[in-house]
Amino acid sequence: SKIEEISIYGKVKSLNNASINAAIQGKITKVFAKNGDYVKKGQLLAEIDQSILLSQEKELQAEYDLLNSEIIRTKELYDSAKKLYDIGLMPKQDYDNAYFNMQQAKIKVDVAQAKISSFKIQTNYNKVEATNSGYILNLLPVGSVVGPGLQPLANINTEPSNIEFKIPFNIQ
């Protein structure tokens, strides 16, 4: 019986990959795994810089504060208009306009508050976790920009891989 050793070239083909995408856009600041590592679902893989989100949140907070002062001003104007209207010194249309302006100011404050709440929620998405258990593939390095619609932060091979190769017929 003759044993021979032969070299064959092939490729490893993954059966099932899951892409890991970041929920917010930003640069990767920390990576907690490396290619080839086995990770469990929910394991922290990376952190994303949230300085852009935090600066936008500060801008929204300043806008909110400004709108709050507008509510105070429109409420004072409305109160004055109501007094004048009640004693017959202001037309109904002017009174209605004062009321409308006060209501619009309140709506603007509510919208600004909702935007701030949304940004606070988004800042919690700076931590990227594994969505499946498996082996890490193509993990992007620190400094890479990730986010919705951009390249995945990593892929996770969730099942064993196949090794695919071709054997020539004329082996001797």
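Residues numbered from 1 in each chain as written. Predicted model: local features only at pLDDT ≥ 70, side-chain atom pairs only at ≥ 80, totals over all residues. Heavy atoms only, no water.

**Regarding the overall build of the chain**
Helix and strand counts for the chain stand at two helices and 10 strands. Taken from the N to the C terminus, the helices and strands of the chain come in the order β-β-β-β-β-α-α-β-β-β-β-β. Out of the 172 residues belonging to the chain, those deemed buried represent 27%. Taking the contacts inside the chain whose residues are at least 6 apart along the sequence as the reference set, 76% of them involve residues at least 24 apart. (Helix = DSSP H or I, 4+ residues; strand = E, 2+ residues; numbered from the N terminus. Buried < 20%, exposed > 50% of the residue type's maximum accessible area, 1.4 Å probe, protein only. Contact = heavy atoms within 4.5 Å.)

**Quick notes on the confidence of the model for the chain**
The predicted model of the chain has a mean per-residue pLDDT of 88, with 83% of residues at 70 or higher. Of all secondary-structure elements in the chain, the lowest mean pLDDT belongs to strand 1 (residues 10–14), at 60, while strand 5 (residues 44–48) reaches the highest, 95. (pLDDT = per-residue confidence, 0-100.)

**With respect to the environment of Leu 67**
Its place among the elements puts Leu 67 in helix 1 (residues 51–86). Judged by its relative accessible area of 11%, Leu 67 is buried. Those residues within four positions of Leu 67 in sequence are excluded, and the remaining contacts are Lys 108, Val 109 and Ala 112.

**Describing the sheet that holds strand 7 (residues 134–137)**
The strand order across the open sheet built from four strands is 2-9-7-4, with neighbouring strands paired in antiparallel fashion. What marks the edges here is a single partner per strand, and that holds for strand 2 (17–20) and strand 4 (38–39). With two bridges joining them, strand 4 and strand 7 adopt antiparallel strand pairing. In the strand pairing of strand 7, Val 39 is matched with Gly 134. (Pairing = 2+ DSSP bridges.)

**Considerations on the sheet that holds strand 8 (residues 145–146)**
Ordered in space as 6-5-3-8, the four strands form an open sheet in which the pairing is antiparallel. Because the sheet does not close on itself, it has two edges, and the strands there are strand 6 (127–129) and strand 8. Bridge count between strand 5 and strand 6: three bridges; the pairing is antiparallel. Across the sheet, Ala 46 pairs through a bridge with Val 128, a residue of strand 6.

**A closer look at the pairing of strand 7**
Relative to strand 9 (residues 154–157), strand 7 runs antiparallel, the two being bridged by three bridges. Note that in strand 9 the partner of Ile 136 across the bridge is Ile 156.

**As for the packing of helix 1 against helix 2 (residues 92–123)**
Where helix 1 contacts helix 2, the axes come no closer than 8 Å and their chain directions differ by 160°. On the basis of their axis angle, the class for helix 1 and helix 2 is roughly antiparallel. Every pair of crossing elements has a handedness; the one defined by helix 1 and helix 2 is left-handed. In the contact of helix 1 with helix 2, the residues fall into 19 nonpolar, eight polar and nine charged. (Axes fitted to C-alpha atoms, helices over the stretch in contact; angles between N-to-C directions. Parallel < 35°, antiparallel > 145°, perpendicular 65-115°, else oblique. Left-handed = near helix turned anticlockwise from the far one by under 90°. Nonpolar A, V, L, I, M, F, W, Y, C, P; charged D, E, K, R; others polar.)

**What about the packing of aromatic side chains?**
Tallied over the full model, the rule gives four aromatic pairs. Both rings, one in Tyr 38 and one in Tyr 135, keep their centres 5.1 Å apart while their planes meet at 70°; by these two values the pair is edge-to-face. Placement of Tyr 38 in strand 4 and of Tyr 135 in strand 7 is noted, with a sequence separation of 97 residues between them. Note on Tyr 38: relative accessible area 46%, which makes it partly exposed. A centroid spacing of 5.6 Å and a plane angle of 35° characterise the contact between Tyr 78 and Tyr 95, whose relative ring orientation is tilted. Placement of Tyr 78 in helix 1 and of Tyr 95 in helix 2 is noted, with a sequence separation of 17 residues between them. This pair shows no difference in class: Tyr 78 is buried, exactly as Tyr 95 is. What links up through ring pairs into an aromatic cluster is the set Tyr 78, Tyr 85, Tyr 95 and Tyr 99. (Phe/Tyr/Trp six-rings, centres within 6.5 Å; stacked < 30°, edge-to-face > 60°.)

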